[in-house]
Amino acid sequence: MGRWFSTHLSRRLPVALGSLPSSLLIVGGLALTVGLSGRTAQGQSASSWNKRGQAAEARQDFDAAFEDYKKAYTKAPKDIRYKTRYENVRFKAGAAHVDRGRVYLQGGDSGAALMEFTRALEIDPGNQTAQQEIDIIRNPKAAAPPPSSGPNSRRDETQQKIGSVSGIVELKPVSNDPITLHMVEDTKVIYQAIGKAAGLNVLFDPDYTSKRIPVDLTTVTLSDALRIVGTISNTFYKPVTTNTIFVAANTRQKRTDLDEMAVQTFYLSNTSTANDATEVLTAIRNLLDPSVKIFLVATQNAIVMRATPDQLLLAQKLLNDLDRAKPEVVVDVAVLEVNRDRIRQLGIQLPQSFGASVTNTSTTSSSSSSSTSSGTATTSGTTLNTLAHLTGNNVAVTIGSAEVDAMLSDADTRVLQNPRIRASDGQRATLKIGSKIPVATGSYSAGAATGLTSGIGVQTQFTYLDVGVNIDMTPTVHLDRDVTLKMKVEVSSHTSDVTISGVTEPIISQRVAEQVIQLKDGEPSVLAGIMTQQDSLSVNGTPGLGELPLLKYFFGSRKTEKQQDEIVFLLIPHIVRESVLSRLNTRAIDTGTSQSIELHREGGSAVSSDSADADAGPSAIQPASTVTAASAAAAMVHPTPQKLNSNLPSDLPQTTAPIGAGGIATAPPGGPFAQAAIQAGARAPIQFTIDPANNTQPVGSTFQTSVMLTNAEDVFAVPLQLQFNPAVLQLVNVDSGPFLGSDGQAVALAHRDEGNGLVALSARRPPNTKGISGQGTVCILTFKALAAGDSPITMVKVGASDSKNVNIPATGSQAVVHVK
């Protein structure tokens, strides 16, 4: 059609086409091409669109797969296959946009995140997660929708009332200048003097009787001044408003009467079993006052607590320490079994037997007028007369067979089983690869019990044995990255059968190793090595001659057989997730006296017993190693080594989650570590880049890529985790860059290939040295181009720490290598 149209058009308008401007010809040609291609696209069948959708889904291009399946379903709406695939990929495409939006949101790009959430809602209007994220971005202070006049108006009004409830009172003094006070006065006078210096109103309990005390303060903060005076005078204060405090005698009764009580709900993030949540609840309950009301809501995985603001903050701190992601271990188990049977038989076997027998043979004849006959008859009896007339025909000789042996048999069997099992810290994991074999365990006759013997047979009971490779493992991950494994590895097989009392039972051969061992991360261990060797020698031949040194092979046959059976269990643990502890988790904190819990804050801000985190809700107590949806999205974009896809996306946004020394994410931006960094001085994040960002290399070439760092301040250690396509690139070497060693100090660089293109790097300066500031090259990666294609080099996890071992916020990037 297209060919005829173009030919016909050229014949009808030869002059017109020549007279038209070239730009109009180009536009007309493009319009004609688009029209023809659109007609061709519309002419595709539902099956063609379905195949295109399957190809796009295999590439994990869910947007294209969604459009293709949608067209296939539109053309054939009655085909259940197209509808099923269309609905399935709709969910995948919407979830992919939600995860990508969360990654953008984690990186601080709310505009791009909003576009991703909106696109997810367009694809899947029923995706409530996308709608919630959109509401949070557009109205971060209150994710709930505004009140309406419909049926939900009462619920909206309730939400407004709940939101209007004020949090814990926080003191906001007019002045935070250091206080210097030298006087011996009445306690009330001293409190009033401190209140005037800070711009606070001071009220006293009518039951309190003041006394004269000496006070000698020089340049102390407001909170320290109030605490010192309270200690000397045995008083305490509580904030009433943002600029008013109430002072009373520090007695148990007054504490009970005047301490403000608050209610907070803490949501647990890393408790997988009811016992985990119960242990956390028991620890908090035993450390706080018995009067504190605390309750575990197991269905919501939450702890509700009513206590003083200081007790709530202490519980929040304990949750941050205890509610942590459990470390996980992947154990590579290699079971190698080698069976070898070598047989050698050589020699000449002469006849081993000789026999002779005597037979009695006689000849008879007869004649008649009509015929004559003759014959031979053999009798078994032997007489003396017969012996006298023996001939060669009367003796039968029997000689045994002789043979020449020259045989060599060598059978070598190797069986390798390499299962991999992953388990959480302290959780039992089992892996069974094989089959179940029934084994009779007993039988009974139902007729014997009922008195009936006819029509009722014998009932046999069976049990099933697991035959194959059975692994039972319980790992324990220690803080120093050692792994204790309580393991039982069993390799069994069905070798033969035996009949016992008329019942055929299988014979199971097994090799079992059960031990408790402690290994380092990546350290191989031979769990059990069992070797059986059997040598046998058999000699057949002529006695005497068959034993002579030189004649034994001519008058005898020697058979030598060597059997070897060896089995080896090899274990290699790999820590794939850590529970990274920081100084916030391990340091001791001041909790006041044994009579009451009173927290003291560094920095000297004169706040009440609460903090900004207390009003922040559950998000303020997220544990350092909580796995967020953003990290799950990054894991889906860059899958684990077991699920790596060759078509990695090239538009991954920057990863901003700081990681610890072991290469494990410690906290998302905005979490407790980021808040601590902001409180310490609002440190700007350092930036990691890969140079060059766009590189083209021929197949077979070797090239280098640098990891650059900018905006660095006191950088002491840099852990990284990179991902590339192993089908396109091969990592040859990792060298240290000049940045961390720019002052002449030696830099410890270590890298570990996690497999399937995932590599973990760690560069660290010597202990007791200062960090490096500025910018430069951290490390240099040497790659080899294996095959044609594109490979992103993506920073899956980035991070840094300073000389005080405090995490520094960091952002990462990616590069693309084109191999042709």
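Residues numbered from 1 in each chain as written. Predicted model: local features only at pLDDT ≥ 70, side-chain atom pairs only at ≥ 80, totals over all residues. Heavy atoms only, no water.

Caption draft 1: How the structure looks around the packing of aromatic side chains. For the structure shown, the criterion picks out 5 aromatic pairs. Aromatic side chains Y73 and Y86 sit 5.4 Å apart centroid to centroid with 10 degrees between the ring planes, which places their arrangement in the stacked category. Linking Y73 in helix 5 (residues 62-75) with Y86 in helix 6 (residues 80-106), this pair joins segments that are 13 residues apart in sequence. With a relative accessible area of 23%, Y73 lands in the partly exposed category. Of the residues examined, Y86 reaches a relative accessible area of 7% and is grouped as buried. Taking the centre distance of 6.2 Å and the plane angle of 70 degrees together, the rings of Y191 and F204 count as edge-to-face. Linking Y191 in helix 10 (residues 187-198) with F204 in strand 2 (residues 201-204), this pair joins segments that are 13 residues apart in sequence. Take Y191 and F204: they sit in the same class, and that class is buried. Aromatic ring contacts, followed pair by pair, group F66, Y73 and Y86 into a single cluster. Geometry around F204 places K188 over its ring, the cationic atom sitting 5.6 Å from the centre. (Phe/Tyr/Trp six-rings, centres within 6.5 Å; stacked < 30°, edge-to-face > 60°. Helix = DSSP H or I, 4+ residues; strand = E, 2+ residues; numbered from the N terminus. Buried < 20%, exposed > 50% of the residue type's maximum accessible area, 1.4 Å probe, protein only. Lys NZ or Arg CZ within 6 Å of the ring centre and 35° of its normal.)

Caption draft 2: Structural detail: a nonpolar patch on the surface. A contiguous nonpolar patch, built from L346, L545, L548, L550, L551, Y553 and F554 and spanning about 630 Å² of accessible area, is present on the exposed surface. Inspection of the secondary structure puts L551 in the loop between strand 20 (525-541) and strand 21 (556-577). (Patch = residues over 30% accessible without salt bridge, like charges linked within 9 Å, V, L, I, M, F, W, Y side chains within 5 Å. Areas by Shrake-Rupley, 256 points an atom, 1.4 Å probe, with all protein chains shown as cover. Salt bridge = Lys/Arg side-chain N within 4 Å of Asp/Glu carboxyl O.)

Caption draft 3: Seen up close, the pattern of salt bridges. Across all of its chains, the model carries 25 salt bridges by this definition. Across the salt bridge formed by D224 and R227, the nearest N and O atoms sit 3.3 Å from each other. Of this pair, D224 and R227 both sit in helix 11 (residues 222-233), 3 residues apart, which is roughly one turn of that helix. Judged by relative accessible area, which is 32%, R227 ranks as partly exposed. Taken together, the shared-partner salt bridges connect E67, R119 and E122 into one network.

Caption draft 4: Region of the structure containing the sheet that holds strand 5 (residues 244-249). Across the sheet, 3 strands lie side by side as 2-5-4; this open sheet has mixed pairing. The open sheet terminates on both sides in strands that have one partner only, identified here as strand 2 and strand 4 (235-241). Averaged over all neighbouring strand pairs, the angle between strand axes comes to 30 degrees, with direction disregarded. For strand 2 and strand 5, the ladder comprises 4 bridges, and the chain directions are parallel. (Pairing = 2+ DSSP bridges. Axes fitted to C-alpha atoms, helices over the stretch in contact; angles between N-to-C directions.)

Caption draft 5: Looking closely at the side chain of R765. When you line up the elements, R765 lands in the loop between strand 28 (758-764) and strand 29 (772-785). Polar side-chain contacts of R765 include one of 2.7 Å to the backbone oxygen of K770. Excluding residues that lie within four positions of it along the chain, R765 makes contacts with V715, F716, L740, G741, D743, Q745, A746, K770, G771 and I772. (Polar contact = N/O pair within 3.5 Å; in protein donor to acceptor, adjacent residues only side chain to side chain. Contact = heavy atoms within 4.5 Å.)

Caption draft 6: Layout of unusual backbone geometry. Residues D691 and P692 are joined by a peptide bond in cis, for which omega reads 0 degrees. Here P692 shows up in the loop between strand 22 (686-691) and strand 23 (694-697). Residue T219 is not a glycine yet carries a positive backbone phi of 45 degrees. The residue T219 is located in strand 3 (residues 212-220) in this model. Positive phi is not limited to glycine here, since N234 has a value of about 55 degrees. In this fold, N234 is placed in the loop between helix 11 and strand 4.

Caption draft 7: Representation of helix 7 (residues 110-123) in the model. The terminal C-alpha atoms of helix 7 lie 20 Å apart, and with 14 residues this matches the ideal 20 Å at 1.5 Å per residue to within 8%. A112, A113, E116, F117, A120 and I123 are the residues of helix 7 that are buried. Along helix 7, the residues classed as buried sweep out an arc of 135 degrees about the axis, all on the same side. In helix 7, those exposed residues whose orientation departs by more than 90 degrees from the buried face are M115 and E122. (Expected span 1.5 Å × (residues − 1). Arc of directions from axis to C-beta.)

Caption draft 8: Local environment of the sheet that holds strand 33 (residues 810-811). Pairing within the open sheet is mixed, and its 5 strands lie in the order 26-29-24-22-33. At either margin of the open sheet sits one strand with a lone partner, and together these are strand 26 (729-736) and strand 33. In the sheet, strand 22 pairs with strand 24 (residues 702-715) via 5 bridges, with the strands oriented antiparallel. Following the sheet pairing, T689 is matched in strand 24 by M708.

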